[in-house]
Amino acid sequence: MQNDSDSESYDSADESVNDDSEHDSASSASSDSDAENEERNDAGCSRKNVYGMMRLSFAVGVFHIFVLVALHVTYVGPYAFRKPGLSGFMDRMSARRSLASDLDNLDNPGSRGAKFLRKLLEREEKKDIAYYPDHALINCISYALSTRPENERSKYFAMFGDSDSKRRKLRSVDDDIGDDDFDLVENKYDAYGIPRHHRKMIESETETGTKSELDGAIPFLGKDEILQIKVIYGGICIGQCSQVRHVDYQNKTLHQDDIKVRMLNQGSQRGLSFSRARKIRNIFGDDIYSSPSYWDEPHYRFAMDDALLYLDEKSALMHNITNVNITVTERCLSTGRDDGKLTFLTAVGEFFSQIYGMDSVIINQLMYGIRGSAGSLQSGYLLNSATKERWGWTKQQLEAYEGNDNVVDWFFKKLGALILSFLAFFLVTTVTSLIVRVLTSSGVALMFPLFSFFRRMGMSGADERILAMSYPWIGIAHTAIRNRNIHPQSHLIWAHLAKILLYYIMYEACQAAWSVVLYAKSIPESLPVWIYGMAMILEYFSMVFVRSALSAHFFPRICLIYLIAYHLYFYSVPYGFFDVALIPLFSFLVHSMMYTILAFECVCVGRGVISVETPREVYNKLSWPEWSAQLPSEWTMFLPLNARFTPIHDRVTTEVNSAQQNANAAAAQNET
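Remarks on the state of the cysteines
Throughout this description, disulfide means a covalent bond between two cysteine sulfur atoms.
In step 1: Applying the stated criterion across every chain, the model contains one disulfide.
In step 2: Free cysteine Cys604: the closest other cysteine sulfur is in Cys602, separated by 9.5 Å.
In step 3: Taking relative accessible area as the criterion, Cys604 reaches 1% and is therefore assigned buried.

Next comes the structure, spelled out in structure tokens:
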């Protein structure tokens, strides 16, 4: 018996061991399946991955905001470069001008004391101007052009001035001179290279009170010249490398070393090492920057008249158009001089300017570095020789951004920029939502001929009833046409396709027309495409994912804030780093999308607010009956949301309340 009991105990022990092993194997199998499910979920569009994308987009946006600030402070605007003490000079100039205006408002402005004060103010102003001869603004372009001797500069402004009226007047003098009198003025120029009859007329204007253009220094560049710019990267040049280069196109002595010249021409942009580029430069010396081969492909070409940039070499030579060649360094572009000292922000801006391109840098340099005879801003046109992209600006556009306005003018300028920003947001988003509406409603018509093709290929599952139930606004009409046979079914499909084509052409036309109004200045070539593309992404995201009341309240407002902030920056400067600013804009928009999904949509789906029966929590409730298979009219998309769906278990109806009240009353009577 004892042996039997022992054997039974051993058997029971074995059975328990087997049960434990089976339980362990089952638990291990379940844990393996859970791990596989977690790995599968982590690999797909899981909440963890969406959260990681949200954090990544926010980090990218914050980083590029810092980059944008560094680039803007370093390169953008008229105040990017200042000499030490120049701010005090400008303050003294404004104080003197205000004092002179007060003297003019006196009861007796022609008194001896007022005249003495005016002479004293003029004397002090001349001293300051002599101390700051280039008081306009200091940047690399003006620094490089200042190395050009005055006797080599153009006399265009001295002959014609800055205004078109004087130009027309001088042309009339030329018209009055006949062929018989041409010998009298031929080769008769003064020391400045100006025809004597032009100088006499200018001097006569000076005597009558008109300011002569010869009183100031000769401008660095004339309207009859083309400026060719090359940027020296990598610090391979030593000394004052930002200067005018005198190129002798008749000298071909360096052509046997064209390969080395082209290697240096490519610079660090094409992978040429610093030591090798420095070695090539040391072989030739500074003369390599004046060789014809080095200037075969300049980085940028600039002129004050856009027609000059369309002239070929022979036409420019025939019209006596001069090419002025300058080289500029990265340090000069960021500080205003080749030996300038970097701050933290300018060092960051100089580093990232090589990554995000030099177009905005050169444009701002030319906007505020090329001045007229009296230091006035000038119109200009720039060509990127590599990308063939062109930019242009007018003198009036630059003067509109000058910072010499009072508080009232500043306020109205900012108010106008804010109004334009709201207008841009309204036009861009509404036309994008309209085309998305049309593509969604009529674009599905392409599915019917596609399903017909599938059925001809032998796919029996491609049934049109699926399409009819999925898209009833087209499916019911398609079924009625097939049953009544009034006209072919293809008419309906072609009608919707014609509608898509027409609306899309209108959409493209709106982009072209509104860009002229909303972005009426020099901009990156692809800027409107990026803006409208982002609006398209936002519209599709709103259509697919924005379903809860919280999302409908939050997402449009945060998108409005981001787009308004971008447009305020766009309207605040003549030309900034608009393409770089698109990166934080898109990053923050992606962050807002991910936040909307995680914070609002997932929570509402978990609570049952969003389900198959109730795909949207808020909607537009119309005051008139509509056919359930018909899409509402396009104008209803501008109606605000006015209705909210409440699940049936959360509703408090009058029938339930009255029945409960009757039951409570009956129970109270029975108790009594």
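Some details on the nonpolar core
In step 1: With 89 residues, the main nonpolar core has Leu227, Ile326 and Leu366 as its most contacted residues.
In step 2: Broken down by element, this core gets its largest block of residues, twelve residues, from helix H24 (residues 578–607).
In step 3: Contact partners of Ile326, with chain neighbours within four places excluded, come to Ile141, Ala144, Leu145, Leu227, Gln228, Ile229, Lys230, Gln243, Val244, Arg245 and Trp295.
In step 4: Residues Val444, Phe448, Leu467 and Leu492 belong to the second largest nonpolar core, which totals ten residues.

A word on the confidence of the model for the protein chain
In step 1: Averaged over every residue, the pLDDT of the protein chain is 75; the share at 70 or more is 67%.
In step 2: Within the model, pLDDT remains below 50 along residues 1–18, and this stretch shows zero contacts once partners closer than five positions in the same chain are excluded.
In step 3: Contacts for the low-pLDDT stretch residues 83–87, under 50 throughout, to residues beyond four places or in other chains number seven contacts.

Brief notes about the sheet that holds strand E6 (residues 390–393)
In step 1: As summarised here, the arrangement of the six strands in space is E2-E4-E1-E3-E5-E6, forming an open sheet in which the pairing is mixed. Only two strands of the sheet have a single partner each, and these edge strands are strand E2 (243–245) and E6. If you compare each strand with its neighbour and ignore which way they point, the axes differ by 25° on average.
In step 2: Two elements, strand E5 (residues 380–384) and E6, share four bridges in a ladder whose sense is antiparallel. Looking at E6, one finds that Leu382 is bridged to Trp391.
In step 3: Contacting strand E1 (225–232), strand E3 (300–303), E5 and E6, helix H15 (residues 359–369) crosses the sheet at an angle of about 30° to E6.

With respect to the pairing of E1
In step 1: Most of E1 sits inside the fold, with eight of its eight residues counted as buried.
In step 2: Burial along E1 is two-sided: the face carrying Glu225, Leu227, Ile229 and Val231 and the face carrying Ile226, Gln228, Lys230 and Ile232 are both buried.
In step 3: The pairing of E1 with strand E4 (residues 322–329) spans eight bridges and is parallel. What sits directly across from Lys230, in E4, is Thr327.
In step 4: Summarising the sheet, E1 and E3 pair through three bridges and their orientation is antiparallel. Following the sheet pairing, Gln228 is matched in E3 by Arg301.

Notes on the environment of Leu434
In step 1: On the secondary structure map, Leu434 appears in helix H17 (residues 407–442).
In step 2: Look at Leu434 and you get partly exposed, because its relative accessible area is 26%.
In step 3: Measuring from C-alpha to C-alpha, the distance between Leu434 and Tyr507 comes to 8.8 Å, with 73 residues separating the pair along the chain.
In step 4: In this structure, Leu434 is in contact with Tyr503, Glu634 and Met637, ignoring residues within four places of it in sequence.

About the thresholds
- Residues numbered from 1 in each chain as written.
- Predicted model: local features only at pLDDT ≥ 70, side-chain atom pairs only at ≥ 80, totals over all residues.
- Heavy atoms only, no water.
- Disulfide = S-S within 2.5 Å.
- Buried < 20%, exposed > 50% of the residue type's maximum accessible area, 1.4 Å probe, protein only.
- Core = buried A, V, L, I, M, F, W, Y, C linked by side-chain atoms within 4.5 Å.
- Helix = DSSP H or I, 4+ residues; strand = E, 2+ residues; numbered from the N terminus.
- Contact = heavy atoms within 4.5 Å.
- pLDDT = per-residue confidence, 0-100.
- Pairing = 2+ DSSP bridges.
- Axes fitted to C-alpha atoms, helices over the stretch in contact; angles between N-to-C directions.

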